[in-house]
Amino acid sequence: MKHLVFFVALFLTAPLFAYDGDMDTYHEFKEDLSLARDGYIACLNMAMESANESTEGSLEGWFSLRDKGGARSWMQLDFEAPDLKFLKMEEIPYGFKLKGSHGAYKIDVEIRVVTRDTDIFYDVKYNKASNAAGKEIFGEVFRNDRVVFYDESSPCKRKSVTCINEYARGTMGK
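Predicted model only: the values in this text are computed from it and were never measured.

A. Spotlight on the nonpolar core. Membership of the largest hydrophobic core comes to 32 residues, with the highest contact counts inside it found for Leu33, Phe96, Leu98, Ile111, Val113 and Phe142. Those elements giving two or more residues to this core turn out to be helix 2 (21-53), helix 4 (74-77), strand 1 (87-92), strand 2 (95-102), strand 3 (105-116), strand 4 (119-126) and helix 5 (132-141). The dominant element in this core, judged by the number of residues it contributes, is helix 2, at eleven residues. Those residues in contact with Ile111 that lie beyond four places of it in its chain are Ile92, Tyr94, Gly95, Phe96, Leu98, Tyr122, Asp123, Phe138 and Phe142.

Here you go:
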């Protein structure tokens with residue numbers, strides 16, 4: 001009888017000590033995504049500040065730089081891709097591409113980083129290799145704080161890499 005009580009108690013407490021490896025996978029993949037985002041955004045913010053110094057804080061410096069094709073490449077942003085465990089990061093104009101998988105999460109996505117005044121937004125294009133779980137975790141990390149306004153009849157079109165003055169001026173870059 002003692003053994004039966006022991007095994008019943010062991011059986012009831014076993015779930016308390018269960019190891020959830022899936023949560024580790026989730027956090028590891030999310031950390032890789034965050035490293036890619038944070039490194040790129042830090043360099044973009046420094047480029048914006050530097051460009052606007054010459055115009056005494058107005059956004060004209062940044063707009064002019066982007067209009068001439070500046071801050072288009074990683075070299076122009078002085079960005080170096082971080083070491084990522086599960087993702088491969090490649091350069092695309094005005095952004096980057098992430099591809100990789102870890103556990104149930106698969107992602108193949110192109111991220112064009114656009115600015116609207118001083119706000120930064122992600123214009124995302126998922127490729128076929130992305131699965132639902134990968135898109136969900138990606139959306140948690142690369143989340144726009146608000147809906148990006150585009151008006152094709154205004155200078156701030158969807159393909160504009162930078163817009164200023166409440167969307168009154170937009171540039172596609174070069």
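Back to the write-up after that little detour.
B. Highlighting the pairing of strand 1. As paired strands, strand 1 and strand 2 are joined by six bridges and run antiparallel to one another. Opposite Ile92, over in strand 2, you have Gly95 as the bridge partner.

C. Region of the structure containing the state of the cysteines. For the structure on display, the rule yields one disulfide. The disulfide partner of Cys156 is Cys163, and the gap between their sulfur atoms is 2.2 Å. Looking along the S-S bond of the Cys156-Cys163 disulfide, the torsion reads about 95°, which is the right-handed sense. Considered together, Cys156 and Cys163 belong to a single accessibility category, that of buried residues.

D. The environment of Lys135, seen in detail. Among the structural elements, Lys135 can be located in helix 5. Classification of Lys135 by relative accessible area gives partly exposed; the value is 35%. Sequence-wise, Lys135 and Asp108 are 27 residues apart; in three dimensions their C-alpha atoms are separated by 9.1 Å. The contact partners of Lys135, leaving out residues within four places of it in the chain, are Ile107, Tyr126 and Ser130.

Reading the values: rules and limits
Residues numbered from 1 in each chain as written. Predicted model: local features only at pLDDT ≥ 70, side-chain atom pairs only at ≥ 80, totals over all residues. Heavy atoms only, no water. Core = buried A, V, L, I, M, F, W, Y, C linked by side-chain atoms within 4.5 Å. Buried < 20%, exposed > 50% of the residue type's maximum accessible area, 1.4 Å probe, protein only. Helix = DSSP H or I, 4+ residues; strand = E, 2+ residues; numbered from the N terminus. Contact = heavy atoms within 4.5 Å. Pairing = 2+ DSSP bridges. Disulfide = S-S within 2.5 Å.

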